[in-house]
Every structure is written in C-alpha cells, then in structure tokens.
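Listed here are the chains, written in short residue letters.
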2 protein chains.
Amino acid sequence: MGSIFQQDMDEYLPLRDVVFKTLRQGILTGELKPGERLMEIHLANKLGVSRTPIREAIRKLELEGLVTMIPRRGAEVAQITEKSMKDVLEVRKVLDNLSVELACERITEEEKEQLQNACMDFEDAVKTGDFSMIAKTDVAFHDIIVAATRNIRLSQMVNNLAEQMYRYRFEYIKDSTQHNRLVQEHKEICDGIISGDKEKALAAIEAHIDNQEIAVLNQIRIDREKRA
Amino acid sequence: MGSIFQQDMDEYLPLRDVVFKTLRQGILTGELKPGERLMEIHLANKLGVSRTPIREAIRKLELEGLVTMIPRRGAEVAQITEKSMKDVLEVRKVLDNLSVELACERITEEEKEQLQNACMDFEDAVKTGDFSMIAKTDVAFHDIIVAATRNIRLSQMVNNLAEQMYRYRFEYIKDSTQHNRLVQEHKEICDGIISGDKEKALAAIEAHIDNQEIAVLNQIRIDREKRA
DNA sequence: TTAATGTATATTGTATACAAAAAGCAATTT
DNA sequence: AAATTGCTTTTTGTATACAATATACATTAA
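Engineer: Quick rundown of the overall build of chain A? Include the residues and the values.
Structural biologist: Per the secondary structure count, chain A includes 10 helices and 3 strands. The helix and strand sequence of chain A, counted from the amino end, reads α-α-β-α-α-β-β-α-α-α-α-α-α. Across chain A, contacts joining residues at least 24 apart in sequence account for 73% of those joining residues at least 6 apart. Approximately 11,800 Å² of chain A is accessible, and the part contributed by carbon and sulfur atoms is 52%. The centroid of the 33 positive side-chain charges in chain A is displaced by 8 Å from the centroid of its 40 negative side-chain charges.

What follows is the structure, given as structure tokens:
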C-alpha cells in the first residue's frame, strides 16, 4: 500500500529546484547563450511561475558559476573564455585523478558490474550514433566512478566542473572521428578500476581529460573566429 | 573628484549578500550551531529585513554546503560529522597541493613581498596571542597563496573547503601549544614558494594540512563525547 | 552632427500577502 | 497509559505589490 502517495512525495520538488534544473539545462545545451540576459519577468512568464522561484534558482546558478550577476542589472549567462576553461581543466585534472584513485580503492563488486555495463552501454550508444544517447551513457559511466569514491563532496565538485564543459560537449560528441578513441579510453579506465590497477586507470583518465581539453579549447577558438 | 560617489557605489551590496555574509559568519563562528533551524521570519526580524533576502541568502548557503534544506520544513545549519570532515580534507589535500604548486610557478615579485609580510604578520599575531588577530593573519597568508595561482575557480574552491574547517578553527587556534609549530610551518611554506622550491613548499603544506586534520578530527571526537 | 538632458519605460530589489503544508497540542478513544 | 483524531499555530512556498535604479529614447543646445 501507499505506493502512489510515496511516489507523489518523492516527486515533490519546490518550484525553485524545477526552475534551477530547467535553467541549468538550458545553459548547458546552449539554448541560453553566453552573455544572454536572464530577465525575471520574462522567464517567469515563460515557465508559468512567479518571480520568486526564478530569483532563488538564479542565486544557486550564481554560486555554480553558470550565471554572472551584475548588481541592479540582473543575471546573465556566464561567458566561457579560454582562460575560464583552462582554469576549470587545471582543477579537473587533479580531482579526476583523485576520483579514479579513490574509486580503485573503494569500489564494490556490485559497482564493478555496473561500471562494466555502463562501459558497454556507451559502446553501444556510439555504435548507434545517437548523440543524446552517447551523452547520456557517458555521464552515467562517469557517475558510477565518482559515486565509488564514497566522497559526496568530491562527487559534487567533479560534477560541477564536468558540467562547465558540457556546454561544449555536443560539438565534441558530434565529431565521430573521435568515437573509437573515446570508447577505447573508457574501456581502459574501466579495466584499470576493476582490476585495481591504479596506474593504468590514472594514465587512462589523464589521456581522456587531455583529449577533452584539446577538443574544448579548439572549439572555443573556432567559436571566436566565427564571431570575428 | 567623485570619490564619495565612487565609494558609495563600491559599498552597495544587495541585502541578500549582506545576509549571506552575516549568516555564513554566524555559522563559521559557531554562533549558529549545527542542527539549529534557520527560520525565515525570525531571521528577518532579527536582521531587520524581509523574508526575501533571507531566502535568497539561504539558497546560496545551501550550495556552499553550510546549510541543509528539508523540503517544506526549511533550512538548518549543516551538521559536521567526522565523515563529512574527512571528505573535505581528502579533497583539500590535493587542491592545496595544486595551489602551492601553481603559486610556485606563477607568483610575482610583488606577491612574494606580500607573502613575506603576511608571514611576519602572522608571527607577530601569534606573539601577541590575540586569537582573532591570529585567525585574520592566517587567512590573509593563505589568501595570498591562492591568489598567486592565477586560477579564480581554484581559489573559490579552496576557500570554500577551508571555510568548512573554520568552524573548528577557534578551538585549534586557542591551543597555544601548537602556535610555534604553526609559525614554523608557515615559514617553510613561505620560503618554499618564494625560492621556487616546489618540493619544500609541498612537503610543508602537506604537513600543515595533516596537522589540521588531526586537530579537527580530535575536536570532533571531543564534541561528540561532550554530547554523550 | 554630437553631446547633454530630461522623461518614459523596463528591470531589479525589497516587502508583503496569501495558500499549503507541517508541527504541536489537547481532547477523545481504546 | 498509549494511540488517534481534529484543531490551532507556525512555518514554508509562491505570488504579487511597491520602491529604487538603470536603460532607452527623444528632445534640445552647442
């Protein structure tokens, strides 16, 4: 009994969180472009809520670094510059290394299975060529790794940093010449963690991030040239 | 000319930010205790503002990890557990290492001077025994190091992590048997960075954090025993 | 034409009002 | 005595109203 009620309870989310997720999604997919102003009344009308939840959502996005506040002028979608992305990557490298290291030490047998499956799901998604599926299975794979660290704060921080780059991920994923390499990198990370071979896993994750760095910085330069 | 106007402009802060800083300060100093509920009307009356800025400040504290939200029940000051502190420290270690490493590479001559001065200020503060002065000069010292990394995001993250431990810092600083060691550690970090000797600086910062870890975890156990 | 000024409009900042849910408590029942 | 029910109070969640500021645009003067 009680299943429907329980379900209803679980599904309850304050509007501010719904708005928060919606706006974040919009920023990460590029629907809301860097520099675009986030005007409260406009958003409120669009989402069918009042200004209050909009404002509270913006406060959180502000701390996440996805929007920039200008006092008495409001919020705008944060610009992505080469510098800001290099800053993110500089931190991400050490935190991803830490994640993999801890995951090697702390992963459970159950999670090993999940990781193996996620790795295969990603491979399948790449084969189908469905971009949104590729993106989804990629996130799922990395989520299992950070969860295996047993460190919630680390998970949050790594996710937040990864998020900053999701804004470029579509371009990255669309480049199908990279696909085989991506699958190969995932497999090596997966093998390394499952076999507890830290060195192998670390080398693989480092290569993985380095390649992302090249792709993202390249994309930024392309975007800049387009504008110029 | 225009100096007063300019000053007024600089001093403008939305109430939400004033409230944010006030509440954060309250949490870090322990005036607001872990588990204590943050009731909006009560805080609004106490600070002489309406609920709106209070709510927006709480949204930010939520993302900083200083308050915990319970839907339809409101916010409370986040509990500090041994686990949560170990999580923080695990991340802090690698980010502090990164900070020192980058600072070694990127610090300017001007900053070297500032660092040297900050190091001496800290020594002086310790000699006087003024706790709030010790805390202040300690923060100033570390601020110079993170600023020297030229990585704003890293700075924010390190500061946020350090913040989590400020909640215990007073106990730590009060223990005067530690003072000489603290000064010594600061000196070694300072020397290492100024001379560009990464290994020395890294060894020193690691020892510094390790000692803080011992002190903080110890304090948590003491607090727990008090409660029991 | 450019710069400056004034006015209207749009937008944020803050306060308040109203609705919905949770918590506390007393009366009642078992 | 313990549990349950219903009522009251408190508190959050959301919407709206009002005030202060910034922006845009037209008008005027140099």
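Engineer: Describe the protein's contact with DNA strand D, naming the residues involved and giving the relevant values.
Structural biologist: The environment of DNA strand D is formed by 21 residues, the closest being Leu15, Ser50, Thr52 and Arg73 of chain A together with Arg51 of chain B. Between a base nitrogen of DNA strand D and a side-chain N or O atom of arginine 51 of chain A, the distance comes to 3.4 Å. Between DNA strand D and arginine 72 of chain B there is a distance of 3.2 Å, counted from a phosphate oxygen to a backbone nitrogen or oxygen. For the surface near DNA strand D, the secondary structure elements donating two or more residues are α2 (15–29) and α4 (51–64) of chain A together with β1 (37–38), α3 (40–47) and α4 (51–64) of chain B. Residue contributions to the surface near DNA strand D peak at 3 residues, all from α4 of chain A. Its residues placed into classes, the surface near DNA strand D shows 8 nonpolar, 3 polar and 10 charged.

Engineer: A description of the interface of chain A and chain B should follow, citing residues and the corresponding values.
Structural biologist: Chain A puts 32 residues into the contact, and the matching count from chain B is 32 residues. A combined buried area of about 3,000 Å² lies between chain A and chain B, and 59% of that area is made up of carbon and sulfur atoms. If you look at where chain A meets chain B, you find 8 salt bridges. Taking the shortest distance from any N to any O, the salt bridge between glutamate 62 of chain B and lysine 60 of chain A comes out at 3.5 Å. Counting the contacts that link chain A with chain B gives 16 residue pairs in polar contact (both at pLDDT 80 or more).

Engineer: I'd love a proper account of the protein's contact with DNA strand C, names of residues and values included.
Structural biologist: With respect to spatial proximity, 21 residues lie near DNA strand C, and among them Met39 and Arg51 of chain A together with Leu15, Ser50 and Thr52 of chain B are the closest. Backbone atoms, meaning sugar and phosphate, form 65% of the atoms of DNA strand C found within 4 Å of the protein. Contact distances for DNA strand C include 3.2 Å between a phosphate oxygen and a backbone N or O atom of arginine 72 of chain A. At 3 residues, the largest contribution of residues to the surface near DNA strand C is made by α4 of chain B.

Engineer: Describe in detail the packing of helix α3 (residues 40–47) of chain A against α4 of chain A, supporting the description with residues and values.
Structural biologist: Residues and elements named next belong to chain A. Where α3 meets α4, the closest approach of the two axes is 9 Å, and the angle between their N-to-C directions is 115 degrees. Classified by the angle between their axes, α3 and α4 sit roughly perpendicular to one another. In terms of crossing hand, the pair formed by α3 and α4 is right-handed. Residues Glu40, Ile41, Leu43, Ala44 and Leu47 of α3 form the contact with α4, whose own contacting residues are Arg51, Ile54 and Arg55. Taken together, the residues of the contact of α3 with α4 break down into 5 nonpolar, no polar and 3 charged.

Engineer: Any chance you could break down the sheet that holds strand β2 (residues 67–70) of chain A for me, citing the residues and the numbers?
Structural biologist: Note on sheets: strands pair through backbone hydrogen bonds, and any given pair is parallel or antiparallel. Residues and elements named next belong to chain A. An order of β1-β3-β2 is seen for the 3 strands of this open sheet, with the pairing classed as antiparallel. Of all strands in the sheet, those bounded by a partner on one side alone are β1 (37–38) and β2. As judged from the 4 bridges shared by β2 and strand β3 (residues 74–77), these two strands associate in the antiparallel manner. When the sheet's bridge partners are listed, threonine 68 is paired in β3 with glutamate 76. Packing of α4 onto the sheet brings it into contact with β1, β2 and β3, and relative to β2 it is tilted by some 110 degrees.

Engineer: So what about the pattern of salt bridges? Which residues, and what values?
Structural biologist: When charged atoms on two side chains of opposite charge get close, those side chains can pair. Following the criterion strictly, the structure yields 52 salt bridges over all chains and no others. Arginine 59 of chain B serves as the salt-bridge partner of glutamate 56 of chain A, at 3.0 Å between the closest nitrogen and oxygen. Of this pair, glutamate 56 of chain A sits in helix α4 while arginine 59 of chain B sits in helix α4, each in a different chain. Comparing glutamate 56 of chain A with arginine 59 of chain B, the two get one shared label, buried. Arginine 150 of chain A is paired through a salt bridge with glutamate 111 of chain A; the nearest N and O atoms lie 2.8 Å apart. Pair noted here: arginine 150 of chain A is in the loop between α7 (131–148) and α8 (152–174) and glutamate 111 of chain A is in helix α6 (residues 109–128), with a separation of 39 residues, a long-range link.

Definitions and limits used
- Residues numbered from 1 in each chain as written.
- Chains lettered and ligands numbered in written order.
- Predicted model: local features only at pLDDT ≥ 70, side-chain atom pairs only at ≥ 80, totals over all residues.
- Heavy atoms only, no water.
- Helix = DSSP H or I, 4+ residues; strand = E, 2+ residues; numbered from the N terminus.
- Contact = heavy atoms within 4.5 Å.
- Areas by Shrake-Rupley, 256 points an atom, 1.4 Å probe, with all protein chains shown as cover.
- Lys, Arg positive; Asp, Glu negative; His and termini not counted.
- Charge placed at Lys NZ, Arg CZ, Asp CG, Glu CD.
- Near = heavy atom within 4 Å.
- Polar contact = N/O pair within 3.5 Å; in protein donor to acceptor, adjacent residues only side chain to side chain.
- Nonpolar A, V, L, I, M, F, W, Y, C, P; charged D, E, K, R; others polar.
- Buried area = accessible area lost by both parts, 1.4 Å probe.
- Salt bridge = Lys/Arg side-chain N within 4 Å of Asp/Glu carboxyl O.
- Axes fitted to C-alpha atoms, helices over the stretch in contact; angles between N-to-C directions.
- Parallel < 35°, antiparallel > 145°, perpendicular 65-115°, else oblique.
- Left-handed = near helix turned anticlockwise from the far one by under 90°.
- Pairing = 2+ DSSP bridges.
- Buried < 20%, exposed > 50% of the residue type's maximum accessible area, 1.4 Å probe, protein only.

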